[in-house]
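# Commentary on secondary and tertiary structure
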Amino acid sequence: MTKTAPERMQETDVIELLIAQHGMIRNLFDEVEQAPPGQRGDAFTRLVRLLAVHETAEEEIVHPYARAKLDGGAGVVEDRLEEEHEAKKLLQEMDQEGPDAPGFMDKLLTLRAAVEAHARAEERYEFAKIVQHTTEAERRALGAGVKAAEAMAPTHPHPGTESATKNILVGTPVAMMDRVRDVIRQAMGKKD
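All values reported here derive from a predicted model rather than from experimental measurement.

## Overview of the overall build of the protein
Along its length, the protein carries six helices and zero strands. Helices and strands appear in the protein in the N-to-C order α-α-α-α-α-α. When each of the 192 residues of the protein is scored for burial, the buried share is 47%. The contacts of the protein with a sequence gap of at least 6 include a subset with a gap of at least 24, amounting to 76%.

Listed below in structure tokens is the structure:
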């Protein structure tokens, strides 16, 4: 099984890091889809965690940078935040219901389509502009910021916290609660 601790990845350039995480996310979707019913829990838990920490880091580090530094950055970021919010709502519903719930696979396919479209839009409209308007040193600094944010990010989706301000205000307490809940679930042998 693939370990999904994005904050420990080797990539230092923020764009390389985030694109590598997009690949990890696609692979985890494959893993969840291919797992036999009743055995999807572990892969789905890792997918939920990766999506939650990845999006939180983008919301805290990448989007504010793009909004402030890129021509038309505010519009690009608003479009991405709207996509993220819709995906978070569906992911939260699926996380609460668990991978054995009726309709799970249909929701998973809907979520995958939304997440992959969002990732393509980020790579094309946001990441490409960041590469054009930053130095390698700036992208490494942003990469370090993303890894730090991912280490402190909530491990479950929380729709409505798509802004850096909201993430900062609720992020640490929510992350702590999520991580405690994860430890308790693991100790009790629960997968979802």
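What follows continues from the structure just given.
## Considering the pattern of salt bridges
Summed over all chains, the structure comprises 13 salt bridges. Put simply, Arg-67 and Glu-78 hold a salt bridge, and the shortest N to O gap is 2.8 Å. Here Glu-78 lies in helix 3 (residues 73–97) and Arg-67 lies in helix 2 (residues 41–69), a separation of 11 residues in the sequence. On the accessibility criterion, Glu-78 (40% relative accessible area) is partly exposed. By sharing partners, the salt bridges in this structure join Asp-30, Glu-33, Arg-112 and Glu-116 into a single network.

## What about the nonpolar core?
Phe-29, Phe-44, Leu-47, Leu-51 and Leu-111 are the most contacted members of the largest nonpolar core, which totals 36 residues. Secondary-structure elements contributing two or more residues to this core are helix 1 (14–34), helix 2, helix 3, helix 4 (104–132) and helix 5 (136–152). No other element matches the 10 residues that helix 2 contributes to this core. Those residues in contact with Phe-44, other than ones at most four positions away along the chain, are Val-32, Leu-91, Met-94, Asp-95, Pro-99 and Phe-104.

## Digging into empty space enclosed by the protein
Enumeration according to the criterion identifies three cavities of 30 Å³ or more in this entry. When its volume is computed, the largest cavity comes out at roughly 110 Å³. As for the largest cavity, its lining consists of 12 residues, of which Leu-51, Glu-55, Glu-84, Ala-87 and Lys-88 are closest to the centre. Going through the elements one at a time, helix 2, helix 3 and helix 4 are the ones with two or more residues in the lining of the largest cavity. In terms of residue count, helix 3 provides more of the lining of the largest cavity than any other element does, five residues in total. Class assignment of the residues belonging to the lining of the largest cavity gives a composition of seven nonpolar, one polar and four charged.

## Regarding the environment of Asn-27
Structurally, Asn-27 is set in helix 1. You can call Asn-27 exposed: its relative accessible area is 51%.

## Focus: the environment of Val-146
Of note, Val-146 is situated in helix 5. Between the C-alpha atoms of Val-146 and Leu-17, which are 129 residues apart in sequence, the distance is 8.8 Å. With residues up to four places along the chain from it excluded, the contact list for Val-146 reads Val-14, Leu-17, Leu-18, Ala-57, Ile-61 and Val-62.

## Focus on the packing of helix 1 against helix 5
Put simply, helix 1 and helix 5 touch, their axes get as near as 7 Å, and they point 45° apart. One element, helix 1, and the other, helix 5, form an angle in the oblique class. Contact residues: Val-14, Ile-15, Leu-17, Leu-18 and Gln-21 in helix 1; Arg-139, Leu-142, Gly-143, Val-146, Lys-147 and Glu-150 in helix 5. Residue classes in the contact of helix 1 with helix 5 are distributed as six nonpolar, two polar and three charged.

## Brief notes about helix 4
The end-to-end C-alpha distance of helix 4 is 40 Å, a good match for the 42 Å that 29 residues give at a rise of 1.5 Å each. Taking the largest bend as the criterion, helix 4 deviates by roughly 35°, centred on Glu-123.

## Some remarks on the side chain of Thr-134
Topologically, Thr-134 is positioned in the loop between helix 4 and helix 5. Judged by its relative accessible area of 11%, Thr-134 is buried. Polar contacts involving the side chain of Thr-134 include one to the main-chain carbonyl oxygen of Ile-130, which spans 2.6 Å. When neighbours within four sequence positions are excluded, Thr-134 is seen to be in contact with Tyr-65 and Arg-139.

About the thresholds
Residues numbered from 1 in each chain as written. Predicted model: local features only at pLDDT ≥ 70, side-chain atom pairs only at ≥ 80, totals over all residues. Heavy atoms only, no water. Helix = DSSP H or I, 4+ residues; strand = E, 2+ residues; numbered from the N terminus. Buried < 20%, exposed > 50% of the residue type's maximum accessible area, 1.4 Å probe, protein only. Contact = heavy atoms within 4.5 Å. Salt bridge = Lys/Arg side-chain N within 4 Å of Asp/Glu carboxyl O. Core = buried A, V, L, I, M, F, W, Y, C linked by side-chain atoms within 4.5 Å. 1 Å grid on protein atoms, 1.4 Å probe; cavity = no way out; pocket = protein on both sides within 12 Å on 5 of 7 lines; lining within 4 Å. Points joined across faces, edges and corners; volume = space filled by probe spheres on them. Nonpolar A, V, L, I, M, F, W, Y, C, P; charged D, E, K, R; others polar. Axes fitted to C-alpha atoms, helices over the stretch in contact; angles between N-to-C directions. Parallel < 35°, antiparallel > 145°, perpendicular 65-115°, else oblique. Expected span 1.5 Å × (residues − 1). Bend = angle between axes of the 7 residues up to and from the residue. Polar contact = N/O pair within 3.5 Å; in protein donor to acceptor, adjacent residues only side chain to side chain.

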